[in-house]
Amino acid sequence: MTVTPSGEADPTGAAGTGGVHLTPSAVTPAEGVAKSGQDLFGAVFGSDTSGFGGLVPRAAAELSTSRPYGGWFDEAVDALEAAWPGFGDNVLRVVVDRGEITLQVTPSSVLELATVLRDDPNLRFELLSSVSGVDYPARAARLHAVYHFTSMTYRRRIRVEAAVTVDDPHLPSVCSVYPTADFHERETWDMFGIVFDGHPALTRILMPDDWDGHPQRKDYPLGGIPVEYKGASIPPPDERRAYA
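Parameters and conventions
Residues numbered from 1 in each chain as written. Predicted model: local features only at pLDDT ≥ 70, side-chain atom pairs only at ≥ 80, totals over all residues. Heavy atoms only, no water. Phe/Tyr/Trp six-rings, centres within 6.5 Å; stacked < 30°, edge-to-face > 60°. Buried < 20%, exposed > 50% of the residue type's maximum accessible area, 1.4 Å probe, protein only. Lys NZ or Arg CZ within 6 Å of the ring centre and 35° of its normal. Helix = DSSP H or I, 4+ residues; strand = E, 2+ residues; numbered from the N terminus. Contact = heavy atoms within 4.5 Å.

1. Comments concerning the packing of aromatic side chains
On inspection of all chains with the given rule, the structure shows 4 aromatic pairs. Between Trp 72 and Phe 73, the aromatic rings sit 4.6 Å apart at their centres with planes inclined by 65°, giving edge-to-face as the arrangement. A relative accessible area of 8% means that Phe 73 is categorised as buried. Their ring planes at 90° and their centres at 6.5 Å tell us that Trp 84 and Phe 87 sit as a pair that is edge-to-face. Accessibility classification places Trp 84 together with Phe 87 in one group, the buried group. Three or more aromatic residues joined by ring pairs form one cluster here, namely Tyr 147, Phe 149 and Tyr 178. Positioned over the ring face of Tyr 136 is Arg 139, at 4.0 Å from the centre of the ring.

Laid out in structure tokens, this is it:
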């Protein structure tokens, strides 16, 4: 099928044989964006190769998903609510999106929740596959720890998220329940500065022990940082080589 300059389909293909032809009006916005020196996300073209240049995040509404969630999600949440007396006070919201379920919980409840997820026979999340961090600079509790639990018995996965502030970045370690959390919590501390209380040895795992700051926070400088080896330094993005 081809598209005529008027934007209507030409069933005969008389307008051309190269597939779908865009009208001039369809390409004008992209050209206008290029001429203005900005990409489709609002970033200004230049020598910034970091990917952050001028991007403006869109704040999503923090709402819970309404019941029924669908699939096995209702069954799992009902089982958790029945097994965990602290469910009502500590589960802030339940989000089901794109075939995944996320529980956002209070920071102090993480260890207790992890124990219930592992031990309850109706849940049986035997494996903690990862602990990672996310930084949302616009939020008061900007540092989020994200846990991914896997039930090999029921072949299910569930995500748990807890948010802390930069001034009080403390969460209980879950190493006593899931030994696999050891290195994951160390990496999250190293990159984001989330402190896991009760961890057996919360030391840096990627950066040198005396490194200043936490490199995956969004306010961490992207350049001008001395490199430990050979006396070199990483220049700021606006001083790096431009490839355009």
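The structure having been displayed, the exposition proceeds.
2. A closer look at the side chain of Arg 142
Within the element layout of this structure, Arg 142 appears in the loop between strand E5 (127-135) and strand E6 (143-151). Excluding anything up to four places from it in sequence, Arg 142 contacts Val 134, Asp 135, Tyr 136, Pro 137, Val 164, Val 166, Arg 217, Lys 218 and Asp 219.

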